[in-house]
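# Residue-level structural notes
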Amino acid sequence: GDKVKQSPSALSLQEGTNSALRCNFSIAATTVQWFLQNPRGSLMNLFYLVPGTKENGRLKSAFDSKESYSTLHIRDAQLEDSGTYFCAAEADTGYQNFYFGKGTSLTVIP
Amino acid sequence: GALVYQYPRRTICKSGTSMRMECQAVGFQATSVAWYRQSPQKTFELIALSTVNSAIKYEQNFTQEKFPISHPNLSFSSMTVLNAYLEDRGLYLCGAWDRDSGNTLYFGEGSRLIVV
C-alpha cells in the first residue's frame with residue numbers, strides 16, 4: 001500500500017478562507033517536507049520538519065512522528081496558493097529515501 | 001540560497017532514442033541526489049539514489065542499463081534515459097541535498113520527456 005497517504009486529493013477554496021492538508025504515514029517517518037508544484041512542474045520547498053511545528057507567513061505545518069502524520073495549514077488563501085501540494089517523508093532505512101504522497105490539487109477561487 | 005538547475009526543460013525524442021538530463025546544484029553541496037519520475041497522474045517514482053563516493057542504488061523496476069546515472073562531484077549529476085519508449089514519458093525530477101548539513105531536499109525544475 002501507499003507509504004504516504006495524502007488528503008484530500010483535490011480542494012477548492014474561496015479566496016481568504018482557511019484549510020488544512022494532511023499526510024498519514026505507514027512508515028516510521030523521521031522528517032517530513034512539504035512542496036508546492038506549480039503548473040510548469042517546478043517544486044518549491046515549503047517546509048522541512050523534524051517532529052514539531054513551523055510557521056511561515058500564512059502557512060503553518062506540523063509533524064507528529066508518534067501519531068505518524070503531518071499537516072499543512074493555509075490561512076487566508078490567495079490565488080497564488082493554487083497548485084499541487086506534496087508531502088514527502090524520510091524514513092530511516094539506511095539509505096536516505098523520501099516517499100511522496102500523491103498530492104493535493106488546490107484551486108483558490110476569487 | 002540553495003538552488004538546483006535542471007536541463008533541458010523539455011525534450012521530444014523519437015521512440016528508441018535516448019535523452020540525457022543534467023542537474024547542477026548551486027549554493028550547497030549535493031552529497032546525495034535522487035532522480036524521480038512523475039507520471040501524468042502526478043505519482044512520484046524514485047528511480048535511483050546516488051551518494052557521492054557510494055554505489056548508486058536503483059529502485060525496483062529501474063536499472064542502470066536503462067537509466068545510467070553519473071554523480072561525479074558535489075555539484076553535478078546526470079541521468080540518461082536509454083531507448084526511450086512511450087512508457088518512459090513523464091516529468092523527470094532531480095532532488096539534491098547535503099547530508100552533512102540537514103536533509104532539506106531541493107528540486108530542479110524538471111525535464112519533461114515526450115516520446116513520439
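Higher on the page you've got the structure.
Fair warning: this is a prediction, and the values are worked out from it, not measured in the lab.

### Observations regarding the interface of chain B and chain A
Counting residues at the interface gives 21 residues for chain B, matched by 19 residues for chain A. Buried surface at the junction of chain B and chain A, summed over both partners, amounts to about 1,900 Å²; 54% is from carbon and sulfur atoms. Inspection of the region where chain B meets chain A yields zero salt bridges. Only strand 4 (32-38), strand 5 (44-51) and strand 9 (90-97) of chain B provide two or more residues apiece to the side of chain B that touches chain A.

### Regarding the sheet that holds strand 1 (residues 3-7) of chain B
In any sheet, the strands associate via hydrogen bonds between backbone groups, in a parallel or an antiparallel arrangement. All names here are of chain B. Sheet architecture is open: four strands sit in the order 1-3-8-7, paired in antiparallel fashion. Strands at the two margins of the open sheet, each flanked by one partner only, are strand 1 and strand 7 (69-73). Each neighbouring strand pair of the sheet contributes to a mean axis angle of 15 degrees, computed without reference to strand direction. With six bridges connecting them, strand 3 (residues 19-26) and strand 8 (residues 76-81) associate as antiparallel partners. Bridge assignment links Cys23 to a residue of strand 8, and that residue is Ser77.

### A word on the pairing of strand 7 of chain B
Residues and elements named next belong to chain B. Strand direction decides the pairing type here: strand 7 and strand 8, joined by three bridges, are antiparallel. The residue bridging Ser70 from the neighbouring strand is Ser78, located in strand 8. The loop that links strand 7 with its antiparallel partner strand 8 comprises two residues.

### Notes on the state of the cysteines
By the definition in use, this model includes two disulfides over all chains. The disulfide partner of Cys23 of chain A is Cys87 of chain A, and the S-S distance across this bridge is 1.8 Å. With the S-S bond torsion at -100 degrees, the cross-link from Cys23 of chain A to Cys87 of chain A turns out left-handed. Taken together, the residues Cys23 of chain A in strand 3 (residues 19-25) and Cys87 of chain A in strand 9 (residues 83-92) connect sequence positions 64 residues apart. For Cys87 of chain A, a relative accessible area of 0% gives the class buried. A sulfur-sulfur separation of 1.6 Å characterises the disulfide bridge that pairs Cys23 of chain B with Cys94 of chain B. Taking the sign of the S-S torsion, about -95 degrees here, the bridge from Cys23 of chain B to Cys94 of chain B comes out left-handed. Taken together, the residues Cys23 of chain B in strand 3 and Cys94 of chain B in strand 9 connect sequence positions 71 residues apart. This pair shows no difference in class: Cys23 of chain B is buried, exactly as Cys94 of chain B is. Cys13 of chain B carries a free sulfur, and the closest cysteine sulfur to it, the one in Cys23 of chain B, is 17 Å from it.

About the cut-offs
Residues numbered from 1 in each chain as written. Chains lettered and ligands numbered in written order. Predicted model: local features only at pLDDT ≥ 70, side-chain atom pairs only at ≥ 80, totals over all residues. Heavy atoms only, no water. Contact = heavy atoms within 4.5 Å. Buried area = accessible area lost by both parts, 1.4 Å probe. Salt bridge = Lys/Arg side-chain N within 4 Å of Asp/Glu carboxyl O. Helix = DSSP H or I, 4+ residues; strand = E, 2+ residues; numbered from the N terminus. Pairing = 2+ DSSP bridges. Axes fitted to C-alpha atoms, helices over the stretch in contact; angles between N-to-C directions. Disulfide = S-S within 2.5 Å. Buried < 20%, exposed > 50% of the residue type's maximum accessible area, 1.4 Å probe, protein only.

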